[in-house]
Amino acid sequence: GSAMVMDIVDLMQRTLDRTNDPYAIFALDRGITEIERLREALKSISKIPNSESAYGIIQVFVDDALKEKE
């Protein structure tokens, strides 16, 4: 592995900035958006206190994170 670990989103963004391939631009942009959305969902999930109802609340976040955004 590399001594300096770059965040995957930063790596994808740098690659996106250096390409003119329309398919690569589309794929990288979609990937970046997906990762950022999943990270936000994980941050939200991490704030839920442990409780009997936590599972249902977490399921809502998971379902939202995994569905396609229009």
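As a further point, take the confidence of the model for the protein chain. With 90% of its residues at a pLDDT of 70 or more, the protein chain shows a mean pLDDT of 85. The least confident element of the protein chain is helix α3 (residues 54-66), whose mean pLDDT is 81; the most confident is helix α1 (residues 8-17), at 94.

With that settled, the discussion passes to the packing of α1 against helix α2 (residues 22-46). Relative placement of two packed helices is described by the angle separating their axes and the distance separating the axes. At a closest axis distance of 10 Å, the pairing of α1 and α2 adopts a crossing angle of 160 degrees. Taken together, the axes of α1 and α2 lie roughly antiparallel to each other. The two elements α1 and α2 cross, and the hand of that crossing is left-handed. Contacts between α1 and α2 involve Ile8, Val9, Met12, Gln13, Thr15 and Leu16 from the first element and Ile25, Leu28, Gly31, Ile32, Ile35, Glu36 and Arg39 from the second.

Here we take up the packing of α2 against α3. Contact pair α2 / α3: the axes reach a minimum separation of 9 Å and the direction vectors enclose 175 degrees. As summarised for this structure, α2 and α3 are arranged roughly antiparallel, according to the angle between their axes. Judged by residue contacts, Glu34, Arg37, Leu38, Ala41, Ser44 and Ile45 of α2 engage Ile58, Phe61, Val62, Asp64, Ala65 and Leu66 from α3.

Turning our eyes to something else, we now look at α1. Looking only at α1, the buried set comprises Val9, Met12 and Leu16. Burial along α1 is one-sided: seen end-on, the buried residues are contained in an arc of 65 degrees. Looking at the packing, one finds that the buried side of α1 touches α2. With a side-chain oxygen lying 2.9 Å from the backbone nitrogen of Val9, the N-terminal cap of α1 falls on Asp7.

Checked against the element boundaries, Thr19 lands in the loop between α1 and α2. From its side chain, Thr19 meets the backbone nitrogen of Asp21 in a polar contact 3.0 Å long.

Taking 1.5 Å as the rise per residue, α2 with 25 residues should run 36 Å; its terminal C-alpha atoms sit 36 Å apart, in good agreement. Those residues of α2 not exposed but buried are Leu28, Gly31, Ile32, Arg37, Ala41 and Ile45. The elements touched by buried residues of α2 are α1 and α3. Capping of α2 at its N-terminal end is provided by Asp21; its side-chain oxygen lies 2.8 Å from the backbone amide nitrogen of Tyr23.

Rules used throughout
Residues numbered from 1 in each chain as written. Predicted model: local features only at pLDDT ≥ 70, side-chain atom pairs only at ≥ 80, totals over all residues. Heavy atoms only, no water. pLDDT = per-residue confidence, 0-100. Helix = DSSP H or I, 4+ residues; strand = E, 2+ residues; numbered from the N terminus. Axes fitted to C-alpha atoms, helices over the stretch in contact; angles between N-to-C directions. Parallel < 35°, antiparallel > 145°, perpendicular 65-115°, else oblique. Left-handed = near helix turned anticlockwise from the far one by under 90°. Contact = heavy atoms within 4.5 Å. Buried < 20%, exposed > 50% of the residue type's maximum accessible area, 1.4 Å probe, protein only. Arc of directions from axis to C-beta. Polar contact = N/O pair within 3.5 Å; in protein donor to acceptor, adjacent residues only side chain to side chain. Expected span 1.5 Å × (residues − 1).

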